[in-house]
Amino acid sequence: MPWKKLPSCILLLLALAYPVQSKLSSQKDSFQEDLLISPLKDGKLLAHFQFTTLVDAGGLDEKDGRYAHYGLFPKSIGQIIDHHRVQELHLTFTQGRWQYEDWGYPVAQSAGTGVELWAWMKLDDSIESNWRSLTNTLSGLFCASLNFIDGTLTSQPELSFRPEGAKNSYNHDERMREGAEVRYGILPHENVCTENLTPWIKLLPCKSKAGIATLLNAHKLYDTNYHSMAIHIRPVCQDANCTSQSLELVQTVTSVLDPVRESGRRDWSFSSLFGREIQSACPVSDRSAVTVLLPSEQHEYQLTPSYDTIIERTAAQVERPIAVYNLSQHTEPLNLQMTWNEGEFSYPLQTSKPRVYAHKYMTGYGHERGGVTVNIFNNMNESQDISYFDSVPWFLKLYLHTLEVSVLGKDHIDQNDIVQDLYYQPAVDRSRPQVLEMKLRLPPDSVTAVSIEFDKVFLKYTEHRPDANRGFDVGPAVITTLLPAGDDNLASTVLELVTNRDTPTRQNIKVYTEILLASLPTPDFSMPYNVITLTCTVIALFFGSIFNLLIRGFSVTEDEVDEKKHENKDEISNSS
Amino acid sequence: MRLPSLLRRLFLFLFSLAFLAFLTPAANADGPKDAEVVQEFFSNGSGHTNNWAVLVCTSRFWFNYRHIANTLSMYRTVKRLGIPDSNIILMLGDDVACNPRNKFPATVFNNAARLLDLYGENVEVDYRGYEVTVENFIRMLTGRVSADTPRSKRLLSDDRSNILVYMTGHGGNEFLKFQDAEEISAFDLADAFRQMWEKRRYNEMLFMIDTCQANTMYSKIMSPNILATGSSELGESSYSHHPDWDIGVAVIDSYTYYNLEFLENIDMSSTKTLKDLFDSYDAEKIKSTPGIRSDLFRRPLDQVRVTDFFGSVQRVELTPTRFITT
Amino acid sequence: MLLLRLKEKFARRRKPLKQRLEQRRKLIGLLRHYIPSISILLYFVGVIWLLLLPYNGYNKETYVSENALLPAQVNVYYSQNDVNIANEFRDRILEVVDKSRESRAEFIFKELRQAGFHAAIQHYTTKDESFNEAEGVNAFGIYHAPRSDGTEALLLSAPWVSRTGEYNVNGIASVLSLAKLFKRNTYWSKDIIILITDESVRGMQAWLNAYHGVDFGSNYSSDIMPRSGAIQAAINMDFPGTREYESLAIYFEGANGQLPNLDLINTVITVAKYTAQVPFTLHDNDAINRPQTPVESYLASLKHLTDTIRFQALGHPSSDAGLALRYKIDAITIHGITATGMHQPFDFHRMGILVESTFRSLNNLLEHLHQSFFFYFLTNAERYVSIGMYMPPVILFACCLVLQSLVLWYSPARDDNLKQETGASLAYSTSKKNLGACFSVLVTTHAAGLLIFYIVRPAFDFGGAIVAPNTEQVTIVKLSVSCGIAATAILMAVSLISSKQSEVQVMENWRVLKSLCLALTALIVASISLINFSLGAVMGLIVVIPYSLIQPTAKMPLRLLQAVMLTVLSPVVTLYLVATLSRSHVVNAVTVLLTDYEVVDVWLLAFMCTAYWPVNMALYTVIFA
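- Under an unreviewed UniProt entry, chain B has the name GPI-anchor transamidase and belongs to Umbelopsis ramanniana AG.
- Annotation of chain B in UniProt includes, under Pathway (unreviewed entry), the sentence "Glycolipid biosynthesis; glycosylphosphatidylinositol-anchor biosynthesis."

- An unreviewed UniProt entry annotates chain A as GPI transamidase component PIG-T of Umbelopsis ramanniana AG.

Here it is in structure tokens:
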């Protein structure tokens, strides 16, 4: 009878459940949240949110997918990277421009306006379809038009966009490096709004209900001078030998706020900046902290409530005190407030510039041709090696022979001394963009100008976008270099210090230039057929007549009377 | 002739079966009748079990703020009345909330009094910017999307879905402009709807359109179960309702404004019908003549609830005891 | 079979050959006789057409084509507070205005930095009045719009010296107060650039060249200066002195006759009408007293038209803003006309509202201005003539010349001789034309023209052989040299055409040469009118009748008269006449021409030397043939 077999069934089920449970308990994930606030030289305020979720990965060659169970780590992300065989992923949404000269270097290095996506994917036959599928899936997840990153916008950098971080598994595993390829795409004109922020917040364990993420108020965030929201996924080693690995998901929001705009003073508080307070820490977080980088002189400001811990000026290269608030120890809502002991803020006339930065601009005018010039500034007393990367769309036809690399004001320096290496990928019309990559050695205290000329393509009438007279966007150039900690990347040094993550001696810095607008020649969309008809009529009617008139020659003809005489003669001769 | 005994038993057995079968039709007849009761319960006469909304704004550029506001007002209404984001396809031709020209970032208002922010904290835009094209629209409606299309961009309706299709933008005689660059004609739209009917992708549809000469847009539809309404007749323009002098643009169109006036008084339990909605139209206030086409729709309008299309009301009945089937 | 029968049928219908030929001869004779008169008639039709354009029936009211602009539909926030700030700036500017240009630029740099702009000083090298290398300094600041991607920008500029010669104190104060207002708001989709230029034309041109990377490598400061995105539109403020104004004048003509998109002017006019409520006009005409009678209205419109034609024909930009047009930046200058005390004046408040509302409308743009006209004439600030209306007269001029040219080409020289021989008049000239002589004349005159151009250019200084103490003397020397070259060329040409040839051939030659010259003139007039309509129209107006009347005669006085006519039309004398009419010295006129060529890249000098003068020289040859 069937019911007699029931107890054994139950026992079997219980027996099976055990290994599953043990697997559950062995898979650890951890979550940390940090907020760094740092005042900037021109009166603005940098607020950097960082949320780190780590999950044990086990071996990275598992066939059935790495993560069978999702706790704090978001399932949507795990499934996406599994399905598309992605090993490292960086997706950034940026609104506004990062002003390197006034603000130094950002904590999150990707500062190119628009949406930037780059990923290291497993190299096999389906990598292209995986990339395409990845962009589509991410577009659905984040409500962005990432599906526009197709072949015409995708490039494969050779020198830049290497895997990041000393703890990154790539830097320990030869097999991983060989078995993967990078793909990079950017949409400079993509706008960022609440519909992108909402799914991003939903990836956090506590969402926007508890913890530091409660401060993310769209109405305030999108009114700032710079706003960048990103997810970074990479495999990291747990120990020095890299025997066990984890998958790290870092979600960052970087925002530059301007309290001077409203009141003329630099004073700020959470309620004035974000319209909210932090109610409590996220309960599942291992660490929930707010860090404030304080000015050097204590009499200049007042900070309330007072800090939990302070790191004095002993920290490496950071000459200013750092205040840390541990939210897990707070029971009351936290509304940080800082007031400056000064009247109206006066902008400093000269500020110290960062060590390496760049500006890109379009040269020339008119609709036939133009040029692009990038000025790269090196403010250090010694040479600096940099990698330069630029992806130019196919409709601006670059001429490689017009590429000039010169140092402004110092004509004696030869181009070959500066350019160490050059990679160039020519464009295929409507298929792939041009990629120019160089290794440059910047002379000390100099401005290096890289310029190249192009012809503008006359696009087909149907290829123009709905706002055709605006023009087309060209993505930023990216300059990658290694710099030790300094005055201009204080924020990232402080954050690394406080979170005890990678603390390298030399940090990988990426400088993004501005994006450009190329104005291509547009036809008169309202009149293609009218113009063709009119032109053909004019040519048909007038060209023929005038040509005839000018070229016509004259010859003598016989008189008609003479003709008839000949005819009659013939008739008579025939009839006879 | 006498039958052998085996045959006799067989005959008796069969006879008794037939007798029993005859006796139990009353009990067995409850099978199909149960199904009918269940159907009745869940559909309330309309035959739909789920709701979808397709909200399309076809205009780009800052001065078309009001079209985005129209669409977002409808979005807010259908969300409030129960349709979840997974069942709403929202197509916005441009981004006005985070547009740098917007004096109030991350907000969209449909009223100069600025009391209600339509954008809010939780908005999901499925097609935005350059993705709003005629091709994408028709592909989404007919289901012929590429394999890579994510789920949120697909219209996964079935033959028990009631769909609300709302379109707004600039239009004319039997056409609607998409982003000032291409057009969809009334024939294309009718054809898309016919494909949907053939593929059994809807149960009933309400097609609402707010553009100039809007009523011409639904004149070519020929598929059954479609109810259509538009904001103005052939030769008439649709007007905006009022501007906001701080933002510098008009914030809502008349037709949609008066629709919202009615819909704001509806909640999920409301029993108001579409006839009430259409009766509330006043051509003088709207400044154009709204039209209604109900010849293809099989139910009389005074029996169609507003929430049949604008909301997703699941019928729930509380029984005192456990429901036992016979 | 059928075809043959049809041919026969039609052949029978046709008149016999002789009759047809006779008819043709008569027709051509008629044409040859009347076409010259018809073409002169066409010329007068063209002139009358041009004169009719100012009538209200032939022009239309302006309207804003670009829906995105939405002019005068938004609240403005320039308040009394901003007026106070402007007054404060004015006092500080007055202290600095007489100092050196470095200190003036430093002052602007500091003020813009204090306002929160990304300020910079640009040093540039340019040519001064003596065409030697000189330095200059501009000061500007960029407001990076916080929420935008920085790919587009709007430019608000003001020169240190106004067009009236006074300092542009109110203009700069207004610009600085507007800078502070713009910085307070975050609804900008384009960056805002505030530019205060040194030395008006030179400073503006140097800044625009540096911004667009045109003179790369010439000056370190210009190469590394901060830049924003592509500039979409520019407003230049020119409000001299410290007083109040009664009306707003708009200057819009650019270099080489280029004009900004009409929508920009329409936007400013709409805002001036409804939001700022100030009277407005074009150039420096009267804005307050509206014409009462139709005659007055016609004359006022005609004055507007001729003002524009004057600027365009000379290729001279009417204001600093005109320099920006070639970079696809639509730009105009607004200038305050001083209050006479008889009408309600306006000052900072309404100036500020005007510019703020205009910038708000320009901010709404998503694309370049492209909906409205780029080719138009404004008969007053609110009425325009479209290209379809004003283009035909120039075509008529060209037709007039072409018809005469064709008649000359086909008319025979030996008309009477042949008639006596055969009893029939000749239809066409069948004698071989001596094109070699004619082309060599034209080649000589064009070569002379090129040589003159090479010498007159400021860059040419005779190899340092002649060291003149000032430019005036150099200019006079250059002018005399050019006249000398022209005279030599003419003499050479005359000898070419009349040497070693029979009388009959010489008679033929002058017809061919005149035909070629007229055709060339028609070509020049028609082609130039496409690029710069006013230049083509003016050239057509002055040369058609004189060139048509040139004929060789035996009588000396007539020859002299024709020679004098041609001399009057030659560039040197024309320049002298233009200078006298504008009440200045011919040397000044030449300096302006050369400055335009050197600094602003106006091609009028090249045109006059290489296209206009050679034809003039060649026609001398016709007189003396």
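**Topic: the overall build of chain A**
Here comes step 1: Along its length, chain A carries 13 helices and 25 strands.
Here comes step 2: Per-residue burial over chain A gives 43% buried out of 576 residues.
Here comes step 3: Across chain A, contacts joining residues at least 24 apart in sequence account for 77% of those joining residues at least 6 apart.

**Looking at the nonpolar core**
Here comes step 1: In this structure, Leu-55 and Met-91 of chain B together with Ile-194, Ile-250, Ile-332 and Leu-513 of chain C are the most contacted members of the largest nonpolar core, which totals 387 residues.
Here comes step 2: It is helix H21 (residues 604-623) of chain C that provides the largest number of residues to this core, a total of 14 residues.
Here comes step 3: If we skip the residues at most four places from it in the chain, Met-91 of chain B touches Leu-55, Val-56, Cys-57, Asp-126, Tyr-127, Val-132 and Phe-137 of chain B.

**Description of the interface of chain C and chain B**
Here comes step 1: Contacts between the two partners involve 16 residues from chain C, matched on the other side by 13 residues from chain B.
Here comes step 2: A per-class count over the side of chain C that touches chain B returns 7 nonpolar, 7 polar and 2 charged.

**Examining the interface of chain A and chain C**
Here comes step 1: At the interface, 37 residues of chain A touch 34 residues of chain C.
Here comes step 2: Put simply, the parts of the chain that give the side of chain A that touches chain C at least two residues each are strand S3 (86-96), strand S15 (356-363), strand S16 (369-378), strand S21 (446-456) and strand S25 (516-518) of chain A.
Here comes step 3: Here the side of chain A that touches chain C is built from residues that sort into 11 nonpolar, 17 polar and 9 charged.

**Description of the sheet that holds strand S9 (residues 268-269) of chain A**
Here comes step 1: Pairing is antiparallel in the open sheet, where 3 strands are placed in the order S9-S14-S11 (chain A). Both outer strands of the open sheet, S9 and strand S11 (301-304) of chain A, are each paired with one neighbouring strand and no more.

**A few points about the confidence of the model for chain A**
Here comes step 1: With 88% of its residues at a pLDDT of 70 or more, chain A shows a mean pLDDT of 86.
Here comes step 2: Counted against residues more than four places away or in other chains, residues 15-26 of chain A, with its pLDDT under 50, gives 2 contacts.

**Thoughts on the packing of helix H3 (residues 80-96) of chain C against helix H5 (residues 169-184) of chain C**
Residues and elements named next belong to chain C.
Here comes step 1: It is at 8 Å that the axes of H3 and H5 come closest, and there the two elements cross at 135°. Relative to H5, H3 is oriented oblique. The chirality of how H3 crosses H5 is right-handed. Where H3 approaches H5, its residues Asp-82, Ile-85, Ala-86, Phe-89, Arg-90, Ile-93 and Leu-94 are matched on the opposing element by Val-169, Asn-170, Ile-172, Ala-173, Ser-174, Leu-176, Ser-177, Lys-180 and Leu-181.
Here comes step 2: The residue makeup of the contact of H3 with H5, split by class, is 10 nonpolar, 3 polar and 3 charged.

**Description of the pairing of strand S8 (residues 204-210) of chain B**
Residues and elements named next belong to chain B.
Here comes step 1: Of all 7 residues in S8, 7 are buried, a share of seventy percent or more.
Here comes step 2: Where strand S4 (residues 161-168) meets S8, 7 bridges bridge the pair, whose relative direction is parallel. Counterpart to Asn-162 in the pairing with S8 is Glu-204.
Here comes step 3: Pairing analysis gives 5 bridges linking S8 to strand S9 (residues 226-230), with the strands arranged parallel. Note on S9: the bridge partner recorded for Met-208 is Thr-229.

**Regarding helix H6 (residues 201-211) of chain C**
Residue and element names in this part refer to chain C.
Here comes step 1: Most of H6 sits inside the fold, with 11 of its 11 residues counted as buried.
Here comes step 2: Among the structural elements, strand S2 (118-127), strand S3 (133-143), strand S4 (152-159), strand S5 (191-197), helix H7 (220-224) and helix H20 (586-600) are those in contact with the buried residues of H6.
Here comes step 3: Following H6 by one or two positions, Gly-213 adopts a phi angle in the positive range, close to 65°.

**What to know about the UniProt feature "active site" (unreviewed entry) in chain B**
All names here are of chain B.
Here comes step 1: Per the UniProt record, "active site" (unreviewed entry) is annotated on His-170 and Cys-212. A maximum C-alpha distance of 6.4 Å among these annotated residues, which run over 43 residues, shows that they cluster at one spot.
Here comes step 2: Inspection of the secondary structure puts His-170 in strand S5 (residues 170-172).
Here comes step 3: Following the sequence through the fold, Cys-212 ends up in the loop between S8 and S9.
Here comes step 4: A count of 21 C-beta atoms within 10 Å places Cys-212 in the buried class.

How each quantity is defined
Residues numbered from 1 in each chain as written. Chains lettered and ligands numbered in written order. Predicted model: local features only at pLDDT ≥ 70, side-chain atom pairs only at ≥ 80, totals over all residues. UniProt positions renumbered as here; feature names shortened; annotations may be inferred. Helix = DSSP H or I, 4+ residues; strand = E, 2+ residues; numbered from the N terminus. Buried ≥ 20, exposed ≤ 12 C-beta atoms within 10 Å, placed from the backbone. Contact = placed C-beta atoms within 7 Å. Core = buried A, V, L, I, M, F, W, Y, C linked by C-beta atoms within 7 Å. Nonpolar A, V, L, I, M, F, W, Y, C, P; charged D, E, K, R; others polar. Pairing = 2+ DSSP bridges. pLDDT = per-residue confidence, 0-100. Axes fitted to C-alpha atoms, helices over the stretch in contact; angles between N-to-C directions. Parallel < 35°, antiparallel > 145°, perpendicular 65-115°, else oblique. Left-handed = near helix turned anticlockwise from the far one by under 90°.

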